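Residue-level structure breakdown
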Amino acid sequence: MEDSLKEYKEKRNPKKTPEPMGGKSSRKPIFVVQKHDASHLHYDFRLEIGNVLKSWAVPKGPSLNPKDRRLAVMTEDHPLDYANFEGVITEGYGAGTVMIWDKGSVVAEEPMEEGLKKGKLSFKLNGKKLKGGWSLIQMRGGRNWLLAKRGDEYASNRDILAEEPNSAVSGKSMEKIASG
Ligand code: MN
């Protein structure tokens, strides 16, 4: 692949001056879980992979109990800045209230791009509500995946959806967001 930073690099000598020379971004990839009160209430689970948010709709939402495998239906990729969206979609596709239920960084335990092809993603979340190891496993090559917590110190029987129903960024309830 052609290095589009060739000219930048040729003009600089990292042994002599301190500018960045195109290493990895220091920003960690993010994840977001958006609670979405559309025709049915569901949770949209999104992981930054490549330059987009790979997205799954999780009808029952994530569970901290590793015994629970939650259906996660892959949906279309969303742009990265969608992770900042909390508000009301007034009409059309997905009309309804969207809350940033949780958000944070994600660390891949195996390369994510490869995992998408293989149908198996393993990662650690560092959100306000969701933490530790999680996995997403594809069922028979289709759009249906299963989201599950892995057994670690963050696994529990707590009903996180009921205990912490409000926004991770604004603290607002769905009703509050809906009323503007
Ligand atoms: Mn949705």
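A short tour of the structure in this document, coming up. (Residues numbered from 1 in each chain as written. Predicted model: local features only at pLDDT ≥ 70, side-chain atom pairs only at ≥ 80, totals over all residues. Heavy atoms only, no water.)

Broken down by element type, the protein carries four helices and nine strands. Scanning the protein from its N terminus toward the C terminus, one meets helices and strands in the order α-β-β-β-β-β-β-α-β-β-β-α-α. Its C-alpha atoms give the protein principal-axis dimensions of about 55 × 40 × 30 Å. Per-residue burial over the protein gives 40% buried out of 180 residues. Relative to all contacts within the protein whose residues are 6 or more apart in sequence, the contacts with residues 24 or more apart total 53%. Here the protein contributes 31 positively and 25 negatively charged side chains, and the mean placements of these two sets differ by 4 Å. (Helix = DSSP H or I, 4+ residues; strand = E, 2+ residues; numbered from the N terminus. Buried < 20%, exposed > 50% of the residue type's maximum accessible area, 1.4 Å probe, protein only. Contact = heavy atoms within 4.5 Å. Lys, Arg positive; Asp, Glu negative; His and termini not counted. Charge placed at Lys NZ, Arg CZ, Asp CG, Glu CD.)

By the definition in use, this model includes five aromatic pairs. Aromatic pair W56 and W145: ring centres 5.5 Å apart, planes at 75°, arrangement edge-to-face. In this pair, W56 sits in strand β3 (residues 52-58) while W145 sits in strand β9 (residues 144-149), placing the two residues 89 residues apart along the sequence. Here W56 and W145 have matching classes, each one buried. The ring of Y8 is capped by R12, whose NZ or CZ atom sits 3.7 Å from the centre of that ring. (Phe/Tyr/Trp six-rings, centres within 6.5 Å; stacked < 30°, edge-to-face > 60°. Lys NZ or Arg CZ within 6 Å of the ring centre and 35° of its normal.)

With that settled, the discussion passes to unusual backbone geometry. In the Ramachandran plot, R140 falls in the positive-phi region, its phi being about 45° despite a non-glycine side chain. By secondary structure assignment, the location of R140 is in the loop between β8 (131-138) and β9.

Grouped together as the largest cluster of nonpolar side chains are 28 residues, with contacts concentrated most on F45, L47, W56, L121, F123 and L136. When near neighbours in sequence (up to four residues on either side) are disregarded, L47 contacts I30, F31, V52, L53, K54, W56, V106, M112, L121, F123, L125 and L136. (Core = buried A, V, L, I, M, F, W, Y, C linked by side-chain atoms within 4.5 Å.)

With that settled, the discussion passes to the pattern of salt bridges. Across all of its chains, the model carries 14 salt bridges by this definition. Between R150 and E109 there is a salt bridge; the shortest N-O distance is 2.5 Å. Residue R150 is located in the loop between β9 and α3 (160-163), and its partner E109 is located in the loop between β6 (96-108) and α2 (112-118); the two are separated by 41 residues in the primary sequence. Taking the relative accessible area as the measure of exposure, R150 reaches 27% and is therefore partly exposed. Note that E163 is salt-bridged to R158, the shortest N-O span being 2.9 Å. Overall, the relative accessible area of 46% leaves E163 in the partly exposed class. When salt bridges with common partners are traced through the structure, they connect E109, K124 and R150 into a single cluster. (Salt bridge = Lys/Arg side-chain N within 4 Å of Asp/Glu carboxyl O.)

The next thing to look at is the side chain of S167. Structurally, the position occupied by S167 is in the loop between α3 and α4 (174-178). Overall, the relative accessible area of 7% leaves S167 in the buried class. For S167, the side chain forms a polar contact with the main-chain nitrogen of V169, separated by 3.1 Å. (Polar contact = N/O pair within 3.5 Å; in protein donor to acceptor, adjacent residues only side chain to side chain.)

Now for the pairing of strand β7 (residues 120-127). Looking down a regular strand, the side chains alternate between one sheet face and the other. Bridge count for β6 against β7 is five bridges, and the pairing is antiparallel. When the sheet's bridge partners are listed, G104 is paired in β7 with G127. Direction of pairing for β7 relative to β8: antiparallel, over a ladder of seven bridges. When the bridges of β8 are listed, S122 appears paired with S135. (Pairing = 2+ DSSP bridges.)

Within the element layout of this structure, F45 appears in strand β2 (residues 41-49). A relative accessible area of 2% places F45 in the buried class. Note: C-alpha distance between F45 and G61 (16 residues apart in sequence) is 8.5 Å. Discounting residues that sit within four places of it in the chain, F45 has contacts with V32, V33, K54, S55, W56, V58, F123, L125, L130, L136 and L147.

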